[in-house]
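Residue-level structure breakdown
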Amino acid sequence: MNTAGPSEATAPRGLELTPFRGLRYDPDRVGSLAAVTSPPYDVVVRPDGLHHLQDADPYNIVRLILPQAATPAARNEQAAGTLRRWLAEGVLTADPEPALYVYEQRHADGMLQRGLIGALRLSEPSEGVVLPHEDVMPHIVADRAALMRATHANLEPLLLTYRGDGAAAEAVDRAAVLPPLLSTTTEDGYSHRLWAITDPAETARVQQDLARRQALIADGHHRWATYLRLRSEQSGPGPWDHGLVLLVDTARYPLRVRAIHRLLHGLPVAEALAALDGHFRVRSLDVGLPQALDVLADAACAGNAFLLAGDGAFHLVDGPDPDLLARTVPADRPQAWRTLDATVLHATLLDHVWGIPEDDPARIAYIHDTAATVRKAERDGGTAVLLHPVREEVVRDLARQGVTMPRKSTSFGPKPASGLVLRALDV
């Protein structure tokens, strides 16, 4: 994702990635490293995936990133107590010296991703150093902020991308030929390896290269907003000035872009379709999920298109009424933003046709896994709204213009596994 541009040249400061003493599981204290990892907190499908992860190992990281208790305050205190206990018992231990961590993910389908995990200096979007491309939901930021305050830790890295192909990328690949600190394979088929860069000269080369770079938030907008919120609460310089990130050079390791789907609670498919009468064209498809997604991809090439599911079939929704779009889609944004599927979904379908608030968790859920979205809709009697991924260059161009996309518009990956390295702010 090419984030290099004029704003990068004029930015007063670039990326500042700092070594830190990572917290890592002691492999002798857990069943396996794979069993204690988790997808990022917002990718875990609840409750099924949450229960599966909790059962995988008593020390699974999900007990920190998604603690379970009756109230938010109790959940956060539980996570803080769990973290303190695991540190006291030696389940999690701090590495002896600060490091930048090289992290590799590899899959049999040919996917290879490598990047650097470190503590990144926080910056506002106006600085043009770290560019967001999506809006955030305040209640999620508040939730993550309360958890970080309670644990005094960054429990999982967010994912940033940049294009450099310079000294930092060379340092990553040099480390990757050495014996790793850890190596494991998770049940999704990805192998994970981690190395530590501790040599001051190598660290300096990495930092000098990154100081000229600009990054795009690929995944973790809510965590980045949380970092900024927590920094604003501090009275002076300190550990909250930095946040845990994985920084991937997509000139060498391109990411994949997928859609994030919506699950509408309490809205049966029949009602959702009836409300579209006269506003969109609707065609029912007598095919399976893979074929339905192919039809969606073809339709998305011609204009806004969605798949609705939850009643045992798939329904292609496309051909929106131009007058309806003109009335419901804000006109004060670039054309590329106004024609996004996510824009039409939120401004036209959710707000105008179905009357569903986008930030009400009782009415809508955001799910990355396509099949899981359909299954939950069928089981719960709701409606799954499946989207086609937005093109990568559209994300990049809008971010450069300072235009944010609707919430949960994209899913970049592969995402870093949570639980391989944590950052405690008091270590």
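What comes next concerns the included structure. (Residues numbered from 1 in each chain as written. Predicted model: local features only at pLDDT ≥ 70, side-chain atom pairs only at ≥ 80, totals over all residues. Heavy atoms only, no water.)

1. Regarding the nonpolar core
Stated formally: Among the buried residues, those of types Ala, Val, Leu, Ile, Met, Phe, Trp, Tyr and Cys that are joined through side-chain atoms within 4.5 Å form a nonpolar core. Per-residue accessibility, obtained with a 1.4 Å probe over protein chains only, is compared with the maximum for each type, and a residue is labelled buried under 20%, exposed over 50%, and partly exposed between these values.
Formed by 118 residues in total, the largest nonpolar core has its most connected members in Y25, W224, F306 and W354. Counting residues in hydrophobic clusters, the runner-up holds 16 residues, among them L263, A292, A309 and A377.

2. Structural notes on the packing of helix α6 (residues 138-151) against helix α9 (residues 221-232)
The line we're drawing: Orientation is described by axes fitted as lines to C-alpha atoms, over the contacting stretch for helices, and by angles from 0 to 180 degrees between their N-to-C directions. Helix numbering and strand numbering both begin at the N terminus, where a helix is a DSSP run of H or I of at least 4 residues and a strand a DSSP run of E of at least 2. Small angles under 35 degrees read as roughly parallel and large ones over 145 as roughly antiparallel, with 65 to 115 read as roughly perpendicular and the rest as oblique. Less than a right angle of anticlockwise turn of the near helix away from the far helix marks a crossing as left-handed, whereas a clockwise turn marks it as right-handed. Contacts: residue pairs with any heavy atoms within 4.5 Å of one another. Gly is put with the polar residues, along with every residue not named as nonpolar or charged; the nonpolar set is Ala, Val, Leu, Ile, Met, Phe, Trp, Tyr, Cys and Pro, and the charged set is Asp, Glu, Lys and Arg.
Direction vectors running N to C along α6 and α9 enclose 60°, while the axes themselves pass 9 Å from each other. Compared by their axis directions, α6 and α9 come out oblique. Seen from above, α6 lies across α9 with right-handed handedness. Counting all contacts with α6, which are made through I140, V141, A142, R144, A145, M148 and R149, the residues of α9 involved are H222, R223, A225, T226, Y227, R229 and L230. Of the residues belonging to the contact of α6 with α9, the class tally is 8 nonpolar, 2 polar and 4 charged.

3. Section: the pattern of salt bridges
How we decide: For this analysis, a salt bridge means a side-chain nitrogen from Lys or Arg found within 4 Å of a carboxyl oxygen belonging to Asp or Glu.
Taken as a whole, this structure holds 27 salt bridges when the rule is applied. Residue R252 is joined to D173 by a salt bridge in which the shortest nitrogen-to-oxygen separation is 2.7 Å. In this pair, R252 is assigned in the loop between β12 (242-249) and β13 (256-258) and D173 in helix α7 (residues 167-175), connecting sequence segments 79 residues apart. Taking the relative accessible area as the measure of exposure, R252 reaches 30% and is therefore partly exposed. Ionic pairing is found between D219 and K415, a salt bridge with its closest N-O pair at 3.0 Å. Taken together, the residues D219 in strand β11 (residues 215-219) and K415 in the loop between β20 (411-413) and β21 (423-424) connect sequence positions 196 residues apart. Each member of the pair, D219 as well as K415, carries the same accessibility label: buried. Through salt bridges that share partners, E104, R106, R114, D165, D173, R193 and R252 make up one connected network.

4. Some thoughts on the environment of A94
Assignment of secondary structure puts A94 in strand β3 (residues 92-94). The sequence separation of A94 and G413 amounts to 319 residues, and the corresponding C-alpha distance is 28 Å. Discounting residues that sit within four places of it in the chain, A94 has contacts with R21, G22, L23 and V427.

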